[in-house]
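A structural walkthrough
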Amino acid sequence: IYASNLAAVLRELGRREESVSCCLRALELHRAQGSRADEAIAHGNLATVQRELGLLQEAELSFRRALHILRDHENRIMEGLFLVNMGNLLDDTGRTVHAIDCYEHAIMWFRRGGVRGQLGLALGNLGVARKKLGRLDDGLAALTEAIQLLEAHKSLHFAGAFAALRGEFRLLLGDVDGAKADLALAEKLLPVPNALVLHRRHVLPLRARLLAHEGKAPELRALVDAFRADVGNVAPASEDGEELHRLTALVEGLQAGTLFNGHTTSEMTRELRRALVQREGQPEPLRERLLAAGV
């Protein structure tokens with residue numbers, strides 16, 4: 001237990017390599033004691049740190065080992081937790097269909113167990129994944145249920161993050177009023193400075209997309225410049241670096257007149273572009289932009 005707790009502390013401090021060593025030590029001790037449930041949790045904790053270090057193959061193997069043990073012991077709630085984490089890893093590595101399968105299995109266990117907070121998180125991830133595959137209506141429905149559950153459970157920061165993501169989804173579908181309502185909700189649930197990281201990661205991009213959609217170039221450039229000054233000199237592969245790249249692409253797309261409802265067509269999956277092309281009532285100029293990007 002001490003090794004597992006120390007691993008968690010080291011991870012929070014950003015000392016991930018040391019955290020991995022503690023996770024491996026915890027695994028040795030749990031195996032020696034024959035504590036399979038604790039061994040499964042240690043595998044899952046190890047997988048989380050490995051994923052953060054970019055060791056994706058190792059993380060996937062660790063998650064699969066944890067899930068194998070939990071299934072044998074029929075610990076369905078813990079299995080659901082690791083299924084969501086496994087789904088996130090699969091989605092990050094382009095296996096969104098398999099990620100959805102993980103989320104849906106986790107949701108089944110959470111519904112049966114009445115674990116409403118974790119159910120909300122799983123539904124939110126499911127909604128985002130469904131969007132990538134062009135499953136527009138049921139993706140939006142999953143996000144909406146997620147926000148309702150998380151608000152009721154008082155998990156307000158997560159509810160705010162998913163509200164911002166739903167706002168981007170609604171804007172993509174041409175529902176500007178809905179996107180603005182979600183922006184207001186997200187700003188309420190993710191106040192600065194209490195939720196600065198989540199605000200920067202979710203609220204700011206939605207605000208930028210709305211400015212781009214409405215053609216407010218000076219305001220958009222000011223927002224991007226403020227973000228650049230705030231994050232400083234960041235690595236392109238970091239989360240802030242990737243967000244800066246997306247924001248800069250919005251500025252360029254607005255200047256070139258190539259945006260689709262506040263989004264660049266290059267950031268969409270082919271399945272999403274195809275679903276938008278086929279959506280009834282899609283204006284022809286927007287449809288042509290999607291077709292030009294490939295469906």
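So, here's what we can say about the structure. From a predicted model like this one, the values you see are computed outputs, not experimental measurements.

1. Some words on the state of the cysteines
The tally for this structure, following the rule as stated, stands at zero disulfides. Of the cysteine sulfurs around Cys22, a residue in no disulfide, the closest is that of Cys23, at 7.2 Å. Judged by relative accessible area, Cys22 falls into the buried class, the value being 13%.

2. A word on the packing of aromatic side chains
Under the criterion given, the structure shown has one aromatic pair. Each ring, one from Phe63 and one from Phe82, has its centre 6.3 Å from the other, and the planes form 50°; the classification is tilted. Taken as a pair, Phe63 in helix α4 (residues 56–73) and Phe82 in helix α5 (residues 76–92) lie far apart in primary sequence, 19 residues in all. Per residue, the accessibility class of Phe63 equals that of Phe82, and both read buried. The ring of Phe169 carries the charged tip of Lys131 above its face, separated from the ring centre by 5.5 Å.

3. Things to note about the nonpolar core
One recurring pattern in soluble globular proteins: nonpolar side chains tend to sit buried together. By size, the foremost hydrophobic cluster in this structure holds 31 residues, and its most contacted members are Leu210, Phe260, Met268 and Leu276. Contributing elements (two or more residues each) for this core: α8 (136–152), α9 (156–172), α10 (176–189), α11 (196–213), α14 (270–278) and α15 (284–293). A per-element tally of this core places α9 first, with seven residues.

4. Considerations on α8
End to end, α8 covers 25 Å across 17 residues, agreeing with the expected 24 Å (1.5 Å per residue, within 8%). Along α8, the residues classified as buried are Leu136, Gly139, Ala142, Leu143, Ala146, Ile147, Leu149 and Leu150. Contacts from the buried residues of α8 go to α7 (116–132), α9, α10 and α14. Positive backbone phi, approximately 65°, marks Lys154, located one or two places after α8.

5. A look at empty space enclosed by the protein
Taken as a whole, this structure holds one cavity of 30 Å³ or more when the rule is applied. Forming the boundary of the largest cavity are Pro205, Arg209, Glu243, Arg246, Leu247 and Leu250. Within the residue set of the lining of the largest cavity, elements represented by two or more residues are α11 and α13 (239–256). A total of four residues in the lining of the largest cavity trace back to one element, the largest contributor, which is α13. Grouping the amino acids of the lining of the largest cavity by side-chain chemistry returns three nonpolar, no polar and three charged.

6. Things to note about the side chain of Glu168
When you line up the elements, Glu168 lands in helix α9. Judged by relative accessible area, which is 10%, Glu168 ranks as buried. Ignoring anything within four residues of it in the chain, the contact list for Glu168 reads Lys131, His202, Pro205, Leu206, Arg209 and His263.

7. Re unusual backbone geometry
Following Val192, the chain continues into Pro193 via a peptide bond in cis, with omega recorded as 5°. As for its placement among the helices and strands, Pro193 is situated in the loop between α10 and α11. Phi is positive for Glu74, close to 55°, though the residue is something other than glycine. Relative to the helices and strands, Glu74 is located in the loop between α4 and α5. Residue classification places Glu74 among the exposed residues on the basis of a relative accessible area of 58%.

8. Considerations on α13
Between its first and last C-alpha atoms α13 spans 26 Å; for 18 residues at 1.5 Å apiece the expected length is 26 Å, and the two agree. Contact partners of the buried residues in α13: α11 and α12 (217–231).

9. Notes on the side chain of Arg287
Relative to the elements of secondary structure, Arg287 occurs in helix α15. At 3.0 Å, the side chain of Arg287 forms a polar contact with the backbone oxygen of Gln282.

10. Observations concerning the packing of α10 against α11
Close contact between α10 and α11 brings their axes to 10 Å; oriented N to C, the two are set at 150°. Judged by the angle between their axes, α10 and α11 are roughly antiparallel. Our pair here, α10 against α11, has a crossing hand that is left-handed. Packed against α10, whose contacting residues are Val176, Ala179, Lys180, Asp182, Leu183, Ala186 and Glu187, the element α11 presents Val203, Leu206, Arg207, Leu210 and His213 at the interface. The residue inventory of the contact of α10 with α11, partitioned by class, reads seven nonpolar, one polar and four charged.

11. Some points on the environment of Leu83
The residue Leu83 is located in helix α5 in this model. As a C-alpha pair, Leu83 and His105 span 22 residues in sequence and 7.5 Å in three-dimensional space. Those residues in contact with Leu83 that lie beyond four places of it in its chain are Leu67, Arg71, Cys102, His105, Ala106 and Trp109.

Conventions we followed
- Residues numbered from 1 in each chain as written.
- Predicted model: local features only at pLDDT ≥ 70, side-chain atom pairs only at ≥ 80, totals over all residues.
- Heavy atoms only, no water.
- Disulfide = S-S within 2.5 Å.
- Buried < 20%, exposed > 50% of the residue type's maximum accessible area, 1.4 Å probe, protein only.
- Phe/Tyr/Trp six-rings, centres within 6.5 Å; stacked < 30°, edge-to-face > 60°.
- Helix = DSSP H or I, 4+ residues; strand = E, 2+ residues; numbered from the N terminus.
- Lys NZ or Arg CZ within 6 Å of the ring centre and 35° of its normal.
- Core = buried A, V, L, I, M, F, W, Y, C linked by side-chain atoms within 4.5 Å.
- Expected span 1.5 Å × (residues − 1).
- Contact = heavy atoms within 4.5 Å.
- 1 Å grid on protein atoms, 1.4 Å probe; cavity = no way out; pocket = protein on both sides within 12 Å on 5 of 7 lines; lining within 4 Å.
- Points joined across faces, edges and corners; volume = space filled by probe spheres on them.
- Nonpolar A, V, L, I, M, F, W, Y, C, P; charged D, E, K, R; others polar.
- Polar contact = N/O pair within 3.5 Å; in protein donor to acceptor, adjacent residues only side chain to side chain.
- Axes fitted to C-alpha atoms, helices over the stretch in contact; angles between N-to-C directions.
- Parallel < 35°, antiparallel > 145°, perpendicular 65-115°, else oblique.
- Left-handed = near helix turned anticlockwise from the far one by under 90°.

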